[in-house]
Structure formats: C-alpha cells, structure tokens
Amino acid sequence: MAPWTPHLPPNFALSSRSAHHSQFSAVKTQWQNPNDILSILMLIGGDIVQRAVAQLTGSGPFFLAPVAFSFGWVAYSINAVLSSVGTGRLMPDIDCPSLVINAKNGYVRQNQSWALGRLLRDHRVGLVDHEKGLTVSLYHTSSKQTGKPDHDWVYYSGISVIILQLGIAAIPGAVYGDWVILLLTVTGTWLALAGSALPQWHAEKWAARPLASPEPKREVVSLTRGNGSKDVIVIVSDGVGLRLEDLAAARDVHSQFTTFITCILATLWIAHLLTVAGLQSHAWYSFAVGALGMAQNVIAAGARRSPGALGFHLERLQPTSVIHEDKVFPTLQRLEDVEAGAGLSLIPVFFPGGLREDEESWMQQAKTRLHALQKMSNFQTEQPAEEETSAVGLSKADGVSSVVVENSGKSGISPQLDASGTDPLFASTTIPAKRASL
C-alpha cells in the first residue's frame, strides 16, 4: 500500500513564501524607521525622571534644573498630576532610610528628607573604609546659603546633553529638509525645563526654618542609618543654615498653582506623544535624542555628589573632624569629649538593650557634666554682654559642688571641681565659647 501524502493546494507554497517575505519586510521596515517603538518608550522611566529632577532642582537660575528631554517624561507627567491632586507632593520618597538625632535633647526622628538621605548615602569618610567599629565625621555649617547647590559635573552634563540633543535633531533638517525632529526635540526640552522649574520643587525640598530667625540659635544633629551602621555624620550649626530637624520632617508644601500647571503639562506631553507616534521617517534621530536624554536622567538620578552639590555647605570641624574606634562605645566616648551631648544622644540608638555597669557609670557622669554645661550656658545668656567674669553655684544634687565660668572672651569654658579632686571628664573637655550654647 502506497504511503499517504497530503494534497496541498497548488498556491500553498507561494502563499507561505509570501507570508515570510511580508514578515521580514515588516521587521526590516521597523529597523529602518522605529517609529512604533518610540511611542512605547515614551511611557517608561517616569520614576527616573522624578529622581533626576529632585537631584538637580534649584541648581540653575529661576529654579531651572538641567534635566534633559527623554522617554520618561510622559509617564512622569501623568504621575505628577496624580501626586499633586492627591498628596500634593512632587519630591520622591527617600531612598536611604536614616535617623536624625538631636544632640541637645536626644530626640530621634525618622528622616523623611530626600536631601538629607542623599547626603548620608553619598558621604565618604576618606580613602580608608573601616570594616569594623564606628566612624564619626564632624562638620560645621558654613555661612553659605543652605539649599543653593554648587555646580558640579552632573549639572554641566545636563546642559551638555541638551545642547547635543538639539545638534542631533538638526541633522535630518540640514540633510533631508525634515525639521520635524528638531521641532519635537525643542518642544520636549521646553516642556522638561518647565516641569522641573516649578517653585514647589525647591520649596518642598528645603522646607525648614532658618536658624538665624528670629534670633541665631545653635543646633547639633547626628545623621545615621541606625544600629549596625558604620558611619555617623554630626553637623554643628551655629546660627546659620536651616533647622535640619525641620528638614527631616519633610513638611508638606501644597500649591494650587502646581496642580494647575502639572495638568497643563500632562496634556501637552500627551499631544507630544501623539506627534511622535506619527513620525514616518528619520525616527532613528528621535530615538537617539531620547536615548541620550534617558542616559543623562539615569546618571543624574543615581550619581554620588558632594555635600555642596547637594545644597549642604559643610566644613570639617577642627581640630577633630573624624573619630574612629574599633568598638562603638569608645567612639561615642570620644565624640562626647569633642561635642557634649552628641555621644550621649547616640547611646540609645546603638545600644537599645542597655549598657554594662562601667558604661552605665560613665554615662551618668557624662550626663552630670552636660547638665552642668547647660546651666552655665543659660547663666551666661542672662548676664550683660560687657560683664567680664561670672560665677554660678550648682547644688550637690547636680553632682558638682561648684563651677567657675571664665567669660573673658579669650579662653573657653572650662568647668572645674572643688578641692576634693578633678573629674577627668571635666578636665578632658574644653568647649569654645561660641559652641557653649547646647
């Protein structure tokens, strides 16, 4: 019996070859002019754009942030409308969970500030990375305005990419007479700069009261990831800069103007997307413009930056700027000798389970010293400015029988005990007069 063979229509082989040819033609056309994929790419990467703007907001004049036009701006514009109508916030959630501790009262606050989180994330002590123990870096806030970032390579990369994008978009116009790509790029760049220049970006990022108002005050705060972290940043602000505790609270800044503008920008971005989807030729140039902008957005969103570029103008606290010990508790002891109250405020963070007997004894002595210094500071503020010498007596309940304050303006504040002996904790610490107000 002869084997059975299917009877195919005479035009089956021809139609099969035609289908394969049509499929390959579609793929070839897509690679020649990828206009379909462009409309899809315009809908991804909105979170990257948001982080890039958060990094660079307030860097340029009139609140402009040099964030290049990229694929993610359409998705971001829709999310911005949702946020402005709902929570009213433009800034993203922090990506570096941390704690802010007040050295004066020991209050521990969960940090909600994007700027403070990035300050801790990008902080580098030096060339040596200690694998064990605790490292404390001490800084003093400079007189330069907090919230006014320095220009760094990330800032200038944004400007350079925008210029390069315009140059690429002009090629099809100069060579083929097709100026649509340049028109789309200019429009997209204008929309991106307008979206990043909303005043709420800067107001929300730096929502804090100045330390100089209504009268100069002193603030000492510590910034750390918490128990188990290897690094702590201690920032001393003597009547300059912003209240970092306010900043850590991430106060809400609502604006009806922002809601109105974000709705308009989202509408314009959707119109821009429809125009991009209608490109019939030279789509590779538009793809190159968008890809270049996305690369800049990714770099701006994730790059490590100096404190000055982030908007914090800090100077090393001299003579002791870095403290490190292979054990945590000795590090906190040395920190307390340098800045009274800072070491004590960190003990509950790094030792939530309690201390040994000798450590507990040291902590009680350090608290007694801090209490004495606070009383002397309060006494100084009550005396006339021209008084040269002042003295205040403390009761036995405070753990100190007598304290003498020399306020000559030439020497620091040096607490002393009576003839019964000198406590090493008192003798080892000299606090400059300008840092005496805790």
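Residues numbered from 1 in each chain as written. Predicted model: local features only at pLDDT ≥ 70, side-chain atom pairs only at ≥ 80, totals over all residues. Heavy atoms only, no water.

**Student:** Looking at this model, I keep getting lost on the pattern of salt bridges. Mind explaining?
**Tutor:** Opposite charge on two side chains makes pairing possible when the charged atoms of those side chains draw close. Tallied over the entire structure, the rule returns 17 salt bridges. Across the pair Arg51 and Asp47 runs a salt bridge whose closest N-O atoms are separated by 3.9 Å. Residue Arg51 and its partner Asp47 are located together in helix α3 (residues 46-56), separated by four residues, close to a single helical turn. Here the salt bridges do not stand alone but share partners, grouping Arg89, Glu204 and Asp252 into one network. (Salt bridge = Lys/Arg side-chain N within 4 Å of Asp/Glu carboxyl O. Helix = DSSP H or I, 4+ residues; strand = E, 2+ residues; numbered from the N terminus.)

**Student:** In this structure, what is going on with the environment of Glu360? I would like to understand it.
**Tutor:** Tracing the backbone shows Glu360 in helix α16 (residues 357-382). In terms of polar contacts, Glu360 uses its side chain to reach the side chain of Gln364, at 3.0 Å. (Polar contact = N/O pair within 3.5 Å; in protein donor to acceptor, adjacent residues only side chain to side chain.)

**Student:** Is there a simple way to explain helix α12 (residues 283-302) in this structure?
**Tutor:** For the α-helix, the turn length of 3.6 residues means that residues three or four positions removed from each other point alike. In a regular helix each residue adds 1.5 Å, so 20 residues correspond to 28 Å; α12 covers 29 Å between its end C-alpha atoms and thus fits that length. Every buried residue of α12 is accounted for by Ala283, Ser286, Val289, Gly290, Gly293, Met294, Gln296, Asn297, Ala300 and Ala301. Burial along α12 is one-sided: seen end-on, the buried residues are contained in an arc of 165°. (Expected span 1.5 Å × (residues − 1). Buried < 20%, exposed > 50% of the residue type's maximum accessible area, 1.4 Å probe, protein only. Arc of directions from axis to C-beta.)

**Student:** Help me understand unusual backbone geometry in this model?
**Tutor:** Outside of glycine, negative phi angles account for most residues, and trans bonds account for most peptide bonds. One non-glycine residue, Ala250, adopts positive backbone phi at about 50°. Structurally, Ala250 is set in the loop between α10 (244-249) and α11 (256-277).

**Student:** Sorry if this is basic, but what is going on with helix α4 (residues 73-85) here?
**Tutor:** When the terminal C-alpha atoms of α4 are compared, their 18 Å separation across 13 residues agrees well with the 18 Å that a helix rising 1.5 Å per residue should span. Taken together, the buried positions of α4 are occupied by Trp73, Val74, Ala75, Tyr76, Ser77, Ala80, Val81 and Ser84. Summarising the contacts, the buried residues of α4 are in contact with α3, α8 (180-196), α9 (199-205), α11 and α12. (Contact = heavy atoms within 4.5 Å.)

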